[in-house]
Amino acid sequence: MAPSLVLTGARVVLPGGVVDDGRVSVEGTKITAAAPESAEVLDATGHWVVPGFVDIHNHGGGGASFSGTPDDILTAIRTHRLHGTTTLVASTVTDEMDLLVSQAGLLSELAEQGEIAGVHFEGPFISPCRKGAHSEKLLRHPDPAEVRKLIDAARGRAKMVTLATELPGGIDSVRLLAEHGVIAAIGHTDATYEQTVEAIDAGATVATHLFNAMPPLGHRTPGPITALLEDERVTVELINDGTHLHPAALELAFHHAGADRVAFITDAMDAAGIGDGRYMLGPLEVEVSEGVARLVEGGSIAGSTLTLDRAFQRAVTIDKLSVEDAVTALSANPARLLGLFDRIGSLEPGKDADLLVLDADFGLKGVMRRGEWVVAPQLA
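The structure presented is a predicted model; accordingly, all values stated were derived computationally and were not measured.

*Asks:* Sorry if this is basic, but what is going on with the nonpolar core here?
*Replies:* Soluble globular proteins tend to bury their nonpolar side chains together. Within the largest apolar cluster, 93 residues are counted, with the highest numbers of intra-cluster contacts made by Leu210, Leu238, Phe254, Phe264 and Phe312. Leu5, Leu7, Val26 and Leu42 belong to the second-largest nonpolar core, a separate cluster that totals 16 residues.

*Asks:* Would you mind going over the packing of helix 3 (residues 144-153) against helix 4 (residues 170-179) with me for this structure?
*Replies:* Two quantities define a packed helix pair, namely the angle between the helix axes and the distance between the axes. Relative to each other, helix 3 and helix 4 sit at 30°, their axes nearing to 9 Å. With respect to helix 4, the element helix 3 is oriented roughly parallel. In this structure, helix 3 crosses over helix 4, and the sense of that crossing is right-handed. Where helix 3 approaches helix 4, its residues Pro144, Val147, Arg148 and Ile151 are matched on the opposing element by Asp172, Ser173, Leu176 and Leu177. By residue class, the composition of the contact of helix 3 with helix 4 is five nonpolar, one polar and two charged.

*Asks:* For this particular structure, what's the right way to read the side chain of Ser25?
*Replies:* Looking at the element boundaries, Ser25 is found in strand 2 (residues 17-27). Setting aside chain neighbours within four positions, we find Ser25 in contact with Leu5, Val6, Lys30, Ile31, Thr32, Ala33, Ala34 and Ala35.

*Asks:* Quick question: what am I supposed to make of the sheet that holds strand 6 (residues 53-58) here?
*Replies:* Backbone hydrogen bonds hold the strands of a sheet together, and the pairing may be parallel or antiparallel. Judged by pairing direction, the sheet is parallel, and its eight strands sit side by side in the order 6-9-10-11-12-13-14-15 without closing on themselves. Taken across any chain shown, the strands that pair with only one partner, and hence form the sheet edges, are strand 6 and strand 15 (262-265). Examined bridge by bridge, strand 12 (residues 183-186) and strand 13 (residues 206-207) share two bridges and lie parallel to one another. Opposite Ala185, over in strand 13, you have Val206 as the bridge partner. Of the strands in this sheet, strand 11 (158-163) and strand 12 touch helix 4, which is tilted by about 170° from strand 11. Sitting on the sheet, helix 8 (residues 308-317) is in contact with strand 6, strand 9 (85-92) and strand 15, with an inclination near 115° to strand 6.

*Asks:* Which parts of the structure should I look at to understand helix 3?
*Replies:* Helical periodicity: at 3.6 residues per turn, an α-helix aligns residues three or four positions apart in one direction. For helix 3, the full list of buried residues reads Val147, Leu150, Ile151 and Ala153. Angular distribution of buried residues about the axis of helix 3 spans 160°; they occupy a single face of the element. In this structure, the buried side of helix 3 is in contact with helix 2 (97-112), strand 10 (118-122), strand 11 and helix 4. The N-terminus of helix 3 is capped by Asp143, whose side-chain oxygen sits 2.9 Å from the backbone nitrogen of Ala145. One or two residues past the end of helix 3 sits Arg155, with phi positive at roughly 50°.

Reading the values: the criteria
Residues numbered from 1 in each chain as written. Predicted model: local features only at pLDDT ≥ 70, side-chain atom pairs only at ≥ 80, totals over all residues. Heavy atoms only, no water. Core = buried A, V, L, I, M, F, W, Y, C linked by side-chain atoms within 4.5 Å. Buried < 20%, exposed > 50% of the residue type's maximum accessible area, 1.4 Å probe, protein only. Axes fitted to C-alpha atoms, helices over the stretch in contact; angles between N-to-C directions. Helix = DSSP H or I, 4+ residues; strand = E, 2+ residues; numbered from the N terminus. Parallel < 35°, antiparallel > 145°, perpendicular 65-115°, else oblique. Left-handed = near helix turned anticlockwise from the far one by under 90°. Contact = heavy atoms within 4.5 Å. Nonpolar A, V, L, I, M, F, W, Y, C, P; charged D, E, K, R; others polar. Pairing = 2+ DSSP bridges. Arc of directions from axis to C-beta. Polar contact = N/O pair within 3.5 Å; in protein donor to acceptor, adjacent residues only side chain to side chain.

And the structure:
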């Protein structure tokens, strides 16, 4: 068991706001109201302490993907933990159904071991009109029987399925997912406003990377973006890397959805945490140049190389979000969405000791997961 620890002197982001000269006590794997007198004291004056980040949409990192071997998966998990993501849902990409079923079984084992929080299937039930970096020849309609096949393969660890709900079988599949406690996410869609409203009413509750891979907002054809922003039942994913979204689009989402309905995600692929070069995203080849991932054939943006520490730093320094709103979007909201807010997502007694230490400029200095330092802070 990890030793007892008290962090003192930091600016601590709590559910009620920022506490200056705050204290966070850790005993074993949990945050506690107080620590024993024998606890180690770590002076974090001049730093911030925030909850660990929660990523609900992530395909890989560190040169490895969640469509790979167990070692690949662990490499990707480790890469994102080093960047502050203490809870992660592993996302697959469009592939042959048999391969997705096999991968779901492998990922479910790692979920059972506590390495990941579950599985997100992004594809193959998406629109060829908005396929992005998915292989068109492998796409299919969201037949509820096939959707059921994937969630069964995940053995209770399926957390989310992204669907183009306007396709044949889409609405029935949304209802199926809702009945089984799996998030139905609208994405890679060519739906109209009216079709999107129908899907939300059927039980869809997430917008997969809002604005990306869907029709733009029009004044006569408002499309899915308007429907997803206006409905209080929907959480909207945003990729805050400076490439996928103009800052004004991010501001629009926060203005209309509010901070309590935004979840920052990475949509990361293999190159996250590594750098430029050639990679594979499922069966498709990707070129990463200056940190931007695009398909070699066609040039579509192919996920991101983002890590959540960069998304957080950008949110508060460039987008000028409050630290509290950024923490809500990176920790509390995704934790609630996954049904895990009783354990993670905020710094409260009884919750897992998942926390980050940031410097005054919001650079990541320390990462603790379940009471153990993944990155031990070196504080002056």
